[in-house]
Amino acid sequence: MHRLALGVEYDGNGFNGWQRLSKHGEPEREGEQTLQAALEFAISFVAGHPVETICAGRTDAGVHAQCQVVHFDSHAVRDPRSWMLGVTSRLPPSIAVRWCRPVPADFHARFSARARRYRYRILNRPVRAALERQYLSWERRPLDADAMHRAAQALLGENDFSSFRTVHCQSPHAWRELQDIRVTRTGDVVEVEVQANAFLHHMVRNIVGSLLMVGSGEKPERWIGELLQARDRTVAGPTAPPTGLVFLGPRYPAEWNLPAEVTL
């Protein structure tokens, strides 16, 4: 057996999130199609035997990925290009394998990652989007992106992010290290980019939901820091919609020899 890592791009619309809901090898029920099951079906076809995958970070329904990283083990002999093209040929149009790299047996897509990065895009104008609507959230109220950026800096560092986790989050604790967060505007689009060692369930969308309240003038800039200290989800802003959220990908130490886009 040898281990391979894939960089996978996908449009999360039409899927019930990343994680397979059925048992491995069992068909999915109608309305429960997942990205993991679709990818495992395609890899297993090319490998000629059942394959299970491990991903760097599970995404929710409607969330997209620019470069999700997964690993799997196989005894099939294929070169990286054959894996990349063969698997992609068995995937729906909304999923594609961007690259394939052989990795050591101790590489782990989730546990070897040192950081993960997300981008959330908001169309900020009076009228909703027609083009690219599946990749943009929409806020009709004028937003002050500079105020949002200043407020967000209170979240940097290692903190208890209980105010920004869903009640359904299964993580044993809420401590995370938020390494970078920036809010910028280009024309009518406001972007929030955030990097952390790991994220809690709905953490990015809950941060964005609160920052929107600052950007609209509903709350002062200092409120974000107050929320962090409160450690209480009930006092924070609403969860922003999944539309507009893209998992840009994990980041690994250079020793794993993965593409630059996922290397620290």
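Residues numbered from 1 in each chain as written. Predicted model: local features only at pLDDT ≥ 70, side-chain atom pairs only at ≥ 80, totals over all residues. Heavy atoms only, no water.

Draft legend 1. Broad picture of the layout of surface pockets. In this model, the largest pocket occupies a volume close to 1,300 Å³. Residue lining of the largest pocket: 42 residues in total, with Gly57, Arg58, Thr59, Arg110 and Phe199 positioned closest to the centre. Only strand 2 (54–55), strand 5 (115–124), strand 8 (175–186), helix 4 (203–215) and strand 10 (245–251) provide two or more residues apiece to the lining of the largest pocket. Sorting elements by how many residues they give to the lining of the largest pocket places helix 4 first, with 3 residues. The residue inventory of the lining of the largest pocket, partitioned by class, reads 20 nonpolar, 14 polar and 8 charged. Roughly 290 Å³ of internal volume is contained in the second largest pocket. Elements that contribute at least two residues to the lining of the second largest pocket include exactly strand 1 (2–10), strand 3 (64–74), strand 4 (95–103), strand 5 and strand 10. Each residue belonging to the lining of the second largest pocket can be placed in one class, and the counts come to 8 nonpolar, 3 polar and 4 charged. (1 Å grid on protein atoms, 1.4 Å probe; cavity = no way out; pocket = protein on both sides within 12 Å on 5 of 7 lines; lining within 4 Å. Points joined across faces, edges and corners; volume = space filled by probe spheres on them. Helix = DSSP H or I, 4+ residues; strand = E, 2+ residues; numbered from the N terminus. Nonpolar A, V, L, I, M, F, W, Y, C, P; charged D, E, K, R; others polar.)

Draft legend 2. Main features of the packing of helix 4 against helix 5 (residues 223–230). The geometry of helix 4 relative to helix 5 is characterised by a closest axis approach of 10 Å and an angle of 145 degrees between their N-to-C directions. Judged by the twist between their axes, the crossing of helix 4 over helix 5 is right-handed. Residue-level contacts link Ser210, Leu211, Met213 and Val214 of helix 4 to Trp223, Ile224 and Leu227 of helix 5. Its residues assigned to classes, the contact of helix 4 with helix 5 comprises 6 nonpolar, 1 polar and no charged. (Axes fitted to C-alpha atoms, helices over the stretch in contact; angles between N-to-C directions. Left-handed = near helix turned anticlockwise from the far one by under 90°. Contact = heavy atoms within 4.5 Å.)

Draft legend 3. Representation of the UniProt feature "active site" (unreviewed entry) in the chain in the model. The residues that UniProt annotates with the feature "active site" (unreviewed entry) are Asp60. The partly exposed category is assigned to Asp60, whose relative accessible area is 23%. Among all residues touching Asp60, those that are not within four sequence positions of it are Gly17, His201, His202 and Arg205. Of note is the side chain of Asp60, whose polar atom sits 3.3 Å from the side chain of His201. (UniProt positions renumbered as here; feature names shortened; annotations may be inferred. Buried < 20%, exposed > 50% of the residue type's maximum accessible area, 1.4 Å probe, protein only. Polar contact = N/O pair within 3.5 Å; in protein donor to acceptor, adjacent residues only side chain to side chain.)

Draft legend 4. Here's a closer look at the pattern of salt bridges. Enumeration according to the criterion identifies 18 salt bridges in this entry. Here Glu218 makes a salt bridge to Arg141, at a shortest N to O gap of 3.3 Å. Remark: Arg141 occurs in the loop between strand 6 (137–139) and helix 3 (145–152) and Glu218 occurs in the loop between helix 4 and helix 5; sequence separation between them is 77 residues. On the basis of relative accessible area, Glu218 is assigned to the partly exposed category, the value being 47%. Note that Arg150 is salt-bridged to Glu221, the shortest N-O span being 2.8 Å. Linking Arg150 in helix 3 with Glu221 in the loop between helix 4 and helix 5, this pair joins segments that are 71 residues apart in sequence. (Salt bridge = Lys/Arg side-chain N within 4 Å of Asp/Glu carboxyl O.)

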